[in-house]
Amino acid sequence: MLRQQDVGHRIVVRRIVGIREGRTLFSDALGELVELSETHITLSTDAGPLRVPVAEVHRAKRVPPARRPTAAAVVALELAADEAWPAPVRGRLGDWRLRWADGWTGRANSALPVGDPDRPLPAALDAVQRWYAERGGSALVNTPLPLAAPVGAELDARGWTSRPPVLVQTVPLRTLTVPPAVPLPTSTPLPAGVPADVPPVTLTGAPADDWLAIAAGRKGGLPDAARQVLTGTPRVRFAELREDGRLLAVGRGTVTGAGRWLGVSLLETVPEARRRGLAATVVRALAGWGAAEGATHAFLQVEQSNSGAVALYRGLGFTTHHTYLTRVAPAA
């Protein structure tokens, strides 16, 4: 059977799905193990997340990994993502990053355990908890998998819980339908294949008030620290798609990671304007800007359970590079 050390690795699970004419029926599932509890096994599969009750598991084991990014590639992308979502208060624990933004979003208020913390793992996690306690917050740790699987195992032993798995997805910019990589005008022309009734996208260097209102609605408010996170990256653009002056869709783009990575975040369409291709148009406009800035690839982060967003990004060519779990310290 599986152990906590298998989290973040590729496994196969044979599960019991029923009984027919006195014979047990089985079904096999293959994917990355993202969570293992006393009651359930959660896998990330090509068809989406799969949660299997332990009572239904007949057999489960680790299998050789599919082609996956190197540890160095995961670290590089995680650091590019950290640049793209810069917490205003930051600390270091050896190579580990400590981030604080008054509790606004998990990414900006969590430790990133990549590299060497310059001390034994138990002592490093003790130091993480002290650092967040000094700021009046509960400690969070983002664990890229399987890179940070040893950290995850130690957190399991301490009784830390997990938020839903997050997919870190990437795509080469050349595969998106974007204008040529030349400086774009303020109003981006529609890419090929976009319906004619889709208005153009405007890219600005600072977010408008109604842009911020949409972001606040999605993230549960915007404290001062949030504005620093949104605008603190040197190369950033805020996408607006308006119709008759009304803001219908937004997105945020950054270029980080030594200029290689376009980061896409806060993509949102107002409910009454959905299913018109507006979100895809915003992504393509940001991709055009990123390409003009010299980026070669795009990345984004999406909860695995957000099936609508995952389907949208799949249609644009995004694939999962790696996953991460946000780990939450137990209540004191």
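Please read all numbers here as calculations on a predicted model, not as lab measurements.

Asker: Looking at this structure, how should I read the sheet that holds strand S3 (residues 40-45)?
Answerer: Pairing between the strands of a sheet comes from backbone hydrogen bonds, and it takes one of two forms, parallel or antiparallel. A sheet is described by the order of its strands in space; here five strands give the open sequence S4-S3-S2-S1-S5, paired in antiparallel fashion. Looking at which strands have only one partner, the edges of the open sheet turn out to be strand S4 (48-53) and strand S5 (57-62). If you compare each strand with its neighbour and ignore which way they point, the axes differ by 35° on average. Where strand S1 (residues 10-20) lies against S5, five bridges are found, and the strand directions are antiparallel. Bridging across to S5, arginine 15 finds its partner in valine 57.

Asker: Hey, could you run me through the pattern of salt bridges in this one?
Answerer: As a working rule, side chains carrying opposite charge can pair if their charged atoms are close by. The tally for this structure, following the rule as stated, stands at 16 salt bridges. For aspartate 82, the salt bridge goes to arginine 90, with nearest N and O atoms at 2.4 Å. Judged by its relative accessible area of 40%, arginine 90 is partly exposed. Residues joined by salt bridges that share partners form a network here, namely Asp82, Arg90 and Arg99.

Asker: Would you explain the nonpolar core in this entry?
Answerer: Proteins that are soluble and globular tend to have nonpolar side chains buried together. Ranked by size, the top nonpolar core spans 55 residues in total, and within it Leu173, Trp211, Leu230, Leu241, Leu262, Val282 and Phe318 carry the most contacts. Sorting elements by how many residues they give to this core places helix H6 (residues 278-292) first, with ten residues. When neighbours within four sequence positions are excluded, leucine 230 is seen to be in contact with Trp85, Trp104, Trp211, Leu212, Leu222, Val236, Phe238, Arg252 and Leu266.

Asker: Would you mind showing me how to read the side chain of arginine 327 here?
Answerer: Locating arginine 327 in the fold gives a position in strand S17 (residues 319-328). For arginine 327, a relative accessible area of 3% corresponds to the buried category. In this structure arginine 327 touches Ala139, Leu140, Val141, Thr143, Gly152, Leu155, Asp156, Trp160, Thr161 and Ser162, once residues within four positions along its chain are discounted.

The rules behind these values
Sequence order as written defines residue numbering, which begins from 1 separately in each chain. Residue-level local features of this predicted model are given only where pLDDT is at least 70; pairs of side-chain atoms are given and counted only at 80 or more, and the full residue set underlies all totals for whole chains, interfaces and linings. Derived side-chain values reflect all non-hydrogen atoms in the structure, with water molecules and hydrogen atoms excluded from consideration. In this description, strands pair whenever DSSP reports at least two bridges between them. A run of H or I in DSSP becomes a helix once it reaches four residues, and a run of E becomes a strand once it reaches two; helices and strands are each numbered from the N terminus. Axis definition: a line fitted to C-alpha atoms, limited for helices to the stretch in contact. Angles are taken between N-to-C directions and run from 0 to 180 degrees. We define a salt bridge as a contact between a side-chain nitrogen of Lys or Arg and a carboxyl oxygen of Asp or Glu at a distance within 4 Å. Remark: exposure states derive from per-residue accessible area (1.4 Å probe, protein chains only) relative to the maximum for the residue type, with buried under 20%, exposed over 50%, and partly exposed in between. Residue types Ala, Val, Leu, Ile, Met, Phe, Trp, Tyr and Cys, when buried and joined through side-chain atoms within 4.5 Å, form a set referred to as a nonpolar core. Residue contacts are counted whenever heavy atoms from the two residues lie within 4.5 Å of one another.

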